[in-house]
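Geometric and topological summary
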Amino acid sequence: MHTVTSSPTEAGGASLPRSATARGAAYVEAGEGEALILIHGVGMRLEAWAPQIEAFAKSHRVIAVDMPGHGGSERIPAGSTVRDFVAWLGRFLDDMRIAHANIAGHSMGALIAGGAAASFADRIIRVAYLNGVYRRDPAAKAAVLARAEAIRTSGVDTAGPLLRWFDDDPQSERARELTRGWLEGVDPEGYAIAYSAFAGGDETYADCWPSVTCPTLFLTGSEDPNSTPEMAKQMASLTPNGWARIVDGHRHMVNLTAPETVNALMAEWLTCREKPVWV
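These remarks concern the structure in this document. (Residues numbered from 1 in each chain as written. Predicted model: local features only at pLDDT ≥ 70, side-chain atom pairs only at ≥ 80, totals over all residues. Heavy atoms only, no water.)

**A word on the overall build of the chain**
Within the chain, the secondary structure is distributed over ten helices and nine strands. A compact globule built from 279 residues would reach a C-alpha radius of gyration of about 19 Å, and the chain, at 17 Å, matches this within 12%. The dimensions of the chain, computed from C-alpha atoms along their principal axes, are 50 × 45 × 40 Å. Counting every position in the chain, which comprises 279 residues, the buried fraction comes to 56%. Put simply, 76% of the contacts in the chain that link residues at least 6 apart link residues at least 24 apart. Only carbon and sulfur atoms are counted for the fraction: they give 51% of the accessible area of the chain, which is about 11,500 Å². One finds the centroid of the 25 positive side-chain charges in the chain at a distance of 4 Å from the centroid of its 33 negative side-chain charges. (Helix = DSSP H or I, 4+ residues; strand = E, 2+ residues; numbered from the N terminus. Rg over C-alpha atoms; globule rule 2.2 N^0.38 Å. Buried < 20%, exposed > 50% of the residue type's maximum accessible area, 1.4 Å probe, protein only. Contact = heavy atoms within 4.5 Å. Areas by Shrake-Rupley, 256 points an atom, 1.4 Å probe, with all protein chains shown as cover. Lys, Arg positive; Asp, Glu negative; His and termini not counted. Charge placed at Lys NZ, Arg CZ, Asp CG, Glu CD.)

**Considering the pairing of strand β5 (residues 61-65)**
Within β5, four of the five residues are buried, leaving the element largely enclosed by the surrounding structure. Alignment of strand β3 (residues 26-30) against β5, held across four bridges, turns out to be antiparallel. Each residue of the ladder has a partner; that of A30, found in β5, is V62. In this structure, strand β4 (residues 35-39) lies alongside β5, joined through five bridges in parallel fashion. Residue pairing for β5: A35 is matched across the bridge by R61. Taken together, β4, helix α1 (residues 50-56) and β5 form a β-α-β motif whose crossover is right-handed. (Pairing = 2+ DSSP bridges. Right-handed = clockwise from strand over helix to strand, strands pointing away.)

Right, here's the structure in full:
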């Protein structure tokens, strides 16, 4: 492992000092105990998990990692699929010498977390699937594929995600501006590779949930137009040890706009050996 530097984030968000594996995955580590891996979404960086790093470092060995081509992490090849990102996570666990871990992913990170549960279940203690997609309808699939194609010609769109991910309310202002800065600072090629995988990845592991037996939290915002409450509930209904939690009045970046609620729900998940009895 070696230390890497990362430029300050925009909009007043401080960049956290990173270490990196020999294969170029940048991460931040804090706390001791059972491992909790945090994987952010497309266009973001590990600082998007700041409220969760602070909260769970008190009880866990928290490792927030930059997705390939984001933050301080090196890219993986163009044309990579969600399966390739899942394989990347497996290599990261190897490099960190982590035999077993809780995995929490947001958005694209949720797809990776779900893929990990399907691909190397013996290493996964629990899975948290935050604001993750599941079998998009034809209109939503066409829209996300069109956005993926447009990246190659028009570059990174910052306005569109902000409109989809946030309400126009003062409570969300800081999270919105942090997110704007991360999108504006992302490596365009790394973003394009990840977004293409994300656009085509909603069905890659969609059939896996009946075979995922670890405690699995499906969490999203009630107003998230793309990672909808219905998707979370559908996946939970298929997962033997899964349950859904919907954060009322919030959209896609719910871990930043409602951190206390999300932290409480994740704390519940991290203590469960099976789904809560009152679900």
